[in-house]
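# Breakdown of the fold
Take a look at the letters that make up each chain.
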There are 2 protein chains.
Amino acid sequence: MDRGPLPTRVDQVDLDVLENTLSFYIRVLDVAVSRDLDERLQGFEVARGKWKITALLLIDNHPGIRPSVLAEIAFKDRSAMGRILDQFEVHGLITRRVSAEDGRAQELYITEKGSALAAKVRSIVVQQSKDFFDRIIPPAEQDVVIDVLKRAYHRLREIQE
Amino acid sequence: MDRGPLPTRVDQVDLDVLENTLSFYIRVLDVAVSRDLDERLQGFEVARGKWKITALLLIDNHPGIRPSVLAEIAFKDRSAMGRILDQFEVHGLITRRVSAEDGRAQELYITEKGSALAAKVRSIVVQQSKDFFDRIIPPAEQDVVIDVLKRAYHRLREIQE
DNA sequence: TATTGTTATACTCTATAACTATA
DNA sequence: TATAGTTATAGAGTATAACAATA
């Protein structure tokens, strides 16, 4: 079967069935946007890794939130989230208290340092997403995609509960 | 500042600025869809890791394709792609030949075993994406998202060349 | 001097299971 | 017996730099 010249350049390559497979685009765009975000967060305690940002912002915004709730939101198990929280504690970003209502559970609270970091991270994350996607998706279409994916995420949360 | 009862349940939590940040949805959906896909590919040589599938299908579909082209498509560096190709070779899925035109470059070819695997993987990947997203995004909206993200991906490729 | 691919390394994430303390 | 969180570990991906061979 002749397929033409050897594919030595990217523009000679088609993506096979991946061309119309949504999971491919989610996965490849995740790599690109996550790498770009990590670059912008270099030097901050939340750089690298997907869930530190989410954990920090939610602890800042929801004093007393539990580790298990964070884990569920991030589709992670408790042990992985626990390690992130260990790091946060070491860096003085949060404190952990045993819940008065349930001796097994913890309540997470942001520190002053953590709150200051959350404020910075909040603006960086929003700006990064905007800057990154503005280069490759027209704003009106971004709104459409966010709308669809937002509902997809919440639907997925319902299914997996 | 009173924010109501302690957030002990997921539905009491809002996502802060992430609620309207596209990168968050790309990142969280990537985790979920990738995990689901890995489960379906258990036992196959391409399970785990994001780029084995892409590499295998493209080598199958583009005989003679170069490692550096694969790396570029996947936004990965050559060393990471090289290690995936090492695995493929060990498993007898591909062969590598030095290019006749350029002694530095390699040409990659699928083996019979690799081609058989590619055929299986092709159908699994397509079906998995469909099954996964059909549960959380109406088909018509999936088409819209694919259309937008496809252009975003190709635009990103252009920018990064 | 630049490019293709390899090797080495250090870091991180992932998945799993076993464990404790409490309910 | 189930749940919240911890600890330990093995496997894999990621990022970076240095390297050899070729252009």
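Residue positions are given per chain, counted from 1 along the sequence in the order it is written. Whichever chain is written first is A, and whichever ligand is written first is 1; the rest continue in order. Totals for whole chains, interfaces and linings use all residues, but because this is a predicted model, local features are given only for residues with pLDDT of at least 70 and pairs of side-chain atoms are given and counted only at 80 or more. The side-chain quantities take in all heavy atoms of the structure and omit both hydrogens and water.

As recorded in an unreviewed UniProt entry, chain A goes by Winged helix-turn-helix transcriptional regulator and comes from Rubellimicrobium roseum.

## Side note on the relation of the copies chain A and chain B
Once turned by 180 degrees and shifted 0.0 Å along the axis, chain A lies on chain B with an RMSD of 0.0 Å. Given the turn and translation reported, the copies of this chain are related as if by a two-fold rotation axis. Between two residues, a contact is recorded if the distance between any of their heavy atoms is within 4.5 Å. Both copies share a contact surface, since 100% of the interface residues of chain A are interface residues in chain B too. We place the copies in one frame by least squares, fitting the C-alpha atoms of every residue whose pLDDT is at least 70 in both.

## Quick look at the UniProt feature "domain: HTH marR-type" (unreviewed entry) in chain A
UniProt positions are given in the numbering used here, feature names are shortened, and annotations may be inferred rather than shown by experiment. Under the UniProt annotation, the feature "domain: HTH marR-type" (unreviewed entry) is placed at residues 19–154 of chain A. Counting secondary structure, residues 19–154 of chain A comes out at 65% helix and 7% strand; the distance between its end C-alpha atoms is 26 Å. Secondary structure is summarised from DSSP: a helix means a run of H or I of at least four residues, a strand means a run of E of at least two, and numbering begins at the N terminus for each.

## A word on the protein's contact with DNA strand C
Close to DNA strand C lie 22 residues, the nearest being Lys76, Asp77, Gly103 and Arg104 of chain A together with Arg78 of chain B. Whether a residue is near a molecule or strand is decided by its heavy atoms; if any one of them lies within 4 Å of it, the residue is near. Among the atoms of DNA strand C close to the protein, meaning within 4 Å, 58% are from sugar or phosphate groups. For this analysis, a polar contact is any N or O atom pair within 3.5 Å, provided that within protein one partner can donate a hydrogen and the other can accept it, and provided that sequence-adjacent residues contribute only side-chain to side-chain pairs. The contact in question runs from a base nitrogen of DNA strand C to an N or O atom on the side chain of Arg83 of chain A, over 3.5 Å. Here a phosphate oxygen of DNA strand C and a side-chain polar atom of Arg96 of chain B are 3.2 Å apart. Of all elements in the fold, only helix H4 (78–90) of chain A together with helix H3 (67–73) and helix H4 (78–90) of chain B reach the threshold of two or more residues within the surface near DNA strand C. The residue makeup of the surface near DNA strand C, split by class, is two nonpolar, seven polar and 13 charged. Amino acid classes used here: Ala, Val, Leu, Ile, Met, Phe, Trp, Tyr, Cys and Pro are nonpolar; Asp, Glu, Lys and Arg are charged; the rest, including Gly, are polar.

## Considering the interface of chain A and chain B
Taken together, the contact between chain A and chain B spans 78 residues of the former and 78 residues of the latter. Two parts placed together each lose some accessible area under a 1.4 Å probe, and adding up what both lose gives the buried area. For the pair chain A and chain B, the summed buried surface comes to about 7600 Å²; carbon and sulfur atoms form 70% of the total. Sorting the residues of chain A by area buried against chain B places Val10, Leu22 and Arg27 of chain A first, and these three jointly supply 10% of that buried surface. Salt bridge criterion: a side-chain nitrogen from Lys or Arg within 4 Å of a carboxyl oxygen from Asp or Glu. Linking chain A to chain B there are six salt bridges. Its salt-bridge partner being Arg151 of chain A, residue Glu141 of chain B comes within 3.2 Å of it at the nearest N-O pair. Our count for the contact surface shared by chain A and chain B stands at 24 residue pairs in polar contact (both at pLDDT 80 or more). Breaking the side of chain A that touches chain B down by element, the ones donating at least two residues are helix H1 (22–40), helix H2 (52–61), helix H3 (67–73), strand E2 (106–110), helix H5 (112–134) and helix H6 (139–160) of chain A. The biggest single contributor to the side of chain A that touches chain B is H6 of chain A, with 16 residues. In the side of chain A that touches chain B, the residues fall into 42 nonpolar, 15 polar and 21 charged.

## Notes on the protein's contact with DNA strand D
DNA strand D sits among 23 residues. The nearest are Ser68 and Arg78 of chain A together with Lys76, Asp77 and Gly103 of chain B. The sugar-phosphate portion of DNA strand D accounts for 60% of its atoms within 4 Å of the protein, the bases making up the rest. Within the backbone of Arg48 of chain B, one N or O atom sits 3.1 Å away from a phosphate oxygen of DNA strand D. Within the side chain of Lys76 of chain B, one N or O atom sits 2.5 Å away from a phosphate oxygen of DNA strand D. Considering each element in turn, the surface near DNA strand D owes the most residues, four residues, to H4 of chain A. Along the lines of polarity and charge, the residues of the surface near DNA strand D split into two nonpolar, eight polar and 13 charged.

## A look at helix H1 (residues 22–40) of chain B
Here H1 of chain B is 19 residues long and its end C-alpha atoms lie 27 Å apart, about the 27 Å a rise of 1.5 Å per residue gives. Here H1 of chain B lies mainly inside the structure; 15 of its 19 residues are buried. Take the residue count of a helix, subtract one, and multiply by 1.5 Å to get its expected span. Note on classification: 1.4 Å probe, protein chains only; a residue is buried when its accessible area is under 20% of the maximum for its type, exposed when over 50%, partly exposed between these limits.

## Notes on the pattern of salt bridges
On inspection of all chains with the given rule, the structure shows 30 salt bridges over all chains. A salt bridge links Asp102 of chain A to Arg104 of chain A, with the shortest nitrogen-to-oxygen separation between them at 3.0 Å.

## Comments concerning the layout of surface pockets
Space inside the largest pocket adds up to approximately 360 Å³. Any residue with an atom within 4 Å of a point lines the site, the site being either a cavity, points on a 1 Å grid over the protein atoms alone where a 1.4 Å probe fits but cannot get out, or a pocket, an open set with protein on both sides within 12 Å along at least 5 of 7 lines. Taken together, 18 residues make up the lining of the largest pocket; nearest its centre are Asp30 and Lys50 of chain A together with Asp30, Val31 and Lys50 of chain B. At the level of secondary structure, the elements contributing two or more residues to the lining of the largest pocket comprise H1 of chain A together with H1 of chain B. For the lining of the largest pocket, a count of residues per class yields three nonpolar, four polar and eleven charged. Grid points are joined across faces, edges and corners, and a volume is the space filled by probe spheres set on the points.

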